[in-house]
Amino acid sequence: MVQNPLKVLFITAEAAPFIKVGGLGDVAGTLPLELRRAGVDIRMALPFHQQIDRSRYDLSPAGSIEVPRGKEAVPAEVFRTDLDGMPVYLFDSPLIPQNGPLYATDPRLDAPKFVHFSLASLAFPIVLNWKPDVIHAQDWHTAVSLYALDLMRKRDPFFAPIGSLLTVHNLPYHGIGTESVLADFGLPPASDSPLPWWARHLPLPLGLYAADHINTVSPGYAAEMLTEPFGAGLDEYLRIHKSEAISGILNGLDMVAWDPRKDTAITAHYDNENLDGKAVNKAALQRELGLPEQPETMLVGIVSRMDQQKGIDLALDGLRLVADQPWQAVVLGTGQPAIEDSARQLQDELPDRVRVMIDFDADLGRRIYAGADAFLIPSRYEPCGLTQMISMRYGTVPIARAVGGLKDTIQDYGETKSGTGFLFEAALPEGMADALQRAISVYDDGRRWGGLQRRGMKQDFSWEKSAQEYVSLYQKIVQARQAAAS
């Protein structure tokens, strides 16, 4: 019998509002709160990164724990704060660097803090005298907690009935190079597992192997992970050994935080009943960035990390292919230097049509969402994506590659005249350029374009439905674990 309420320990490397780098931080900052509203006793474990502003939170000591590493024990001091009534445990460790980014470019530099944090999080419920029904880990940074849980079940009755869920936000990030750190903390390779030989001592594959269930952040990406182009070398293993234990639950969007009726960062408010504010925001953005104020010209936006996954190089080359078409473009983001340079080069080539800001500017990003007519999202792969949800929320039509969560959330206008955006298949500049040309042809018809905008704005991307799916998944995991133990 599943206990009520369900008790879940949510282990994550980042979570808004404490610290956020990417989509994981958005998910971890919203999903647990929605689950709590759904009646789950959910508690979060988070590293006490040095970048977290300690003065912002009401902190109290929650206990301490030591994690064996070879012949020594590495301590963690744990502090509790509450986020809208949800307990959040912040793990302070001597292995957390005093400076530098949240994520190092080399996983070997991150491994000590994340392996220690994962093991400390797994053991801390004993200190709390609170036994979770499910431990829910995120990506490679915390996946080893599930592998350690599987090992502990065999020798400690406290852990035997606890179920495990691993959410994959980005499959290619395995934690390569962390093998020696796992060994230091007493985690052996899964030598007898059916994992590929090269994966038997890496954090994410070990988590995939040990988890009772694997889910990812869209049904589309769950299916893609089982295929060679998207499986990151693990597709055969997942297909043969885990296909029955993999599912996808679409991420949601914070519909309160992203609301063009109330957004304080934009020039004019609007909704799907009255889109007049879109034109005001477009003109204001053009003025702000020094572009000609041309209401009849499609203004396309990009707000993204500049890297290969996001396909920004495809977008830049695709724009070059349609330089004879009527469009303007604004690009905001940072990332790989070569892609940043290519973006600057495009601005140099088309100075009256392109503006590039190599920066992270959250408020400018919001003004681009509100002021652009269309949004380019040419990802090579996209587990879920929030950009398309935000752009539709703001009446900005997405032009995106048909992968992962993008194809789950955007209905192509070419397939049905009641679509919400434009999709293209091939990860080629020509594919994106063709989709942009299709969008421009519709943009010229104000009635049809207005229909696209309004249909997108009416989409319900709230977390409530997704949270209920997670509750059902937790219950399924607990029932299976209870059946196995009986």
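Residues numbered from 1 in each chain as written. Predicted model: local features only at pLDDT ≥ 70, side-chain atom pairs only at ≥ 80, totals over all residues. Heavy atoms only, no water.

Student: How should the side chain of R393 be read in this particular structure?
Tutor: Mapped onto the elements of the fold, R393 is located in helix α12 (residues 387-393). With near-sequence residues (within four places) excluded, R393 lies in contact with L253, M255, W258, D259, P260, R261, G456 and M457. (Helix = DSSP H or I, 4+ residues; strand = E, 2+ residues; numbered from the N terminus. Contact = heavy atoms within 4.5 Å.)

Student: What is the right way to read the side chain of N272 from this model?
Tutor: Of note, N272 is situated in the loop between β9 (246-248) and α8 (276-289). On the basis of relative accessible area, N272 is assigned to the buried category, the value being 18%. The contact partners of N272, leaving out residues within four places of it in the chain, are R454, M457 and K458. (Buried < 20%, exposed > 50% of the residue type's maximum accessible area, 1.4 Å probe, protein only.)

Student: What am I meant to see in unusual backbone geometry here?
Tutor: A negative phi holds for most residues other than glycine; trans holds for most peptide bonds. Here the residue pair A16 and P17 is connected by a cis peptide bond, since its omega of 5° sits within 30 degrees of zero. Within the secondary structure, P17 sits in the loop between β1 (7-11) and α1 (23-37). Of note in this structure, D84 is not a glycine but carries a positive phi near 50°. The topology assignment puts D84 in the loop between β4 (72-83) and β5 (86-92). Even without a glycine there, the phi angle at D139 is positive, about 55°.

Student: Teacher, can you tell me more about the packing of aromatic side chains here?
Tutor: Geometry of an aromatic ring pair is reported as the spacing of the ring centres plus the angle between the planes. All chains considered together, the criterion is met by 17 aromatic pairs. Plain terms: the ring middles of F158 and F159 are 5.1 Å apart, the flat faces sit at 80° to each other, and that makes the pair edge-to-face. A single burial state applies to F158 and to F159, both of which are buried. Residues Y413 and F422 carry aromatic rings whose centres are separated by 5.8 Å and whose planes lie at 50° to one another, so their mutual orientation is tilted. Assessed through its relative accessible area of 5%, Y413 is described here as buried. Classification of F422 as buried rests on a relative accessible area of 1%. Cluster of aromatic residues (ring-pair linked, three or more members): Y89, F91, F117 and F124. (Phe/Tyr/Trp six-rings, centres within 6.5 Å; stacked < 30°, edge-to-face > 60°.)

Student: Explain the packing of helix α3 (residues 139-153) against helix α5 (residues 203-210) to me, please; I cannot follow it from the model alone.
Tutor: Angle between the axes and distance between the axes are the two parameters that describe a pair of packed helices. Orientation of α3 relative to α5, taken along the N-to-C sense of each, is 45°, at an axis distance of 7 Å. As the angle between them shows, α3 and α5 are arranged oblique. For α3 against α5, the interelement crossing comes out left-handed. In contact with D139, W140, A143, V144, L146, Y147, D150 and R153 of α3, α5 contributes P203, L204, L206, G207, Y209 and A210. Along the lines of polarity and charge, the residues of the contact of α3 with α5 split into 10 nonpolar, one polar and three charged. (Axes fitted to C-alpha atoms, helices over the stretch in contact; angles between N-to-C directions. Parallel < 35°, antiparallel > 145°, perpendicular 65-115°, else oblique. Left-handed = near helix turned anticlockwise from the far one by under 90°. Nonpolar A, V, L, I, M, F, W, Y, C, P; charged D, E, K, R; others polar.)

Student: Looking at this structure, how should I read the sheet that holds strand β14 (residues 397-401)?
Tutor: Strands pair in a sheet through their backbones, by hydrogen bonds, and they do so in one of two ways: parallel or antiparallel. Read from one edge of the open sheet, six strands run β12-β11-β10-β13-β14-β15, paired in parallel fashion. Where the open sheet ends on each side, the last strands, each with one partner, are β12 (354-358) and β15 (422-424). Looking at each pair of strands side by side, their axes are set apart by 15° on average, direction ignored. Relative to β14, strand β13 (residues 374-377) runs parallel, the two being bridged by four bridges. When the sheet's bridge partners are listed, F375 is paired in β14 with P398. Packing of helix α14 (residues 429-443) onto the sheet brings it into contact with β10 (298-303), β11 (327-333), β13, β14 and β15, and relative to β15 it is tilted by some 160°. (Pairing = 2+ DSSP bridges.)

Student: Teacher, can you tell me more about the sheet that holds strand β2 (residues 41-47) here?
Tutor: Pairing in this open sheet of nine strands is mixed, and the strands run β3-β4-β5-β2-β1-β6-β7-β8-β9 from one edge to the other. The open sheet has two edge strands, β3 (60-69) and β9, and neither has a second partner. Adjacent strand axes in the sheet meet at a mean angle of 25°, parallel and antiparallel pairs treated alike. Bridge count between β1 and β2: five bridges; the pairing is parallel. Each residue of the ladder has a partner; that of V8, found in β2, is I42. Where α1 meets the sheet, it contacts β1, β2, β4, β5 and β6 (134-138), and its direction lies at approximately 155° from that of β2.

Student: Even after reading the chapter, I still don't get the pattern of salt bridges, so can you show me in this structure?
Tutor: Opposite charge on two side chains allows them to pair when their charged atoms are near. By the definition in use, this model includes 31 salt bridges. D235 serves as the salt-bridge partner of R239, at 3.3 Å between the closest nitrogen and oxygen. With R239 and D235 both in helix α7 (residues 235-242), this residue pair falls four residues apart, about one helical turn. A salt bridge links R448 to D445; the shortest N-O distance between them is 3.3 Å. Judged by relative accessible area, R448 falls into the partly exposed class, the value being 25%. The exposure class assigned to D445 is partly exposed, which follows from its relative accessible area of 26%. One salt-bridge network, in which partners are shared between bridges, spans D150, R153, K154, D212 and R481. (Salt bridge = Lys/Arg side-chain N within 4 Å of Asp/Glu carboxyl O.)

Student: Which parts of the structure should I look at to understand helix α9 (residues 312-321)?
Tutor: Each α-helix winds once per 3.6 residues, and so residues spaced three or four apart point in a common direction. Counting buried residues in α9 gives seven out of 10 residues, a clear majority hidden from the surface. Listed as buried for α9 are I312, D313, L314, A315, L316, G318 and L319. Looking at the buried positions of α9, the neighbouring elements they touch are β10, β11, α10 (337-349), β13 and α14.

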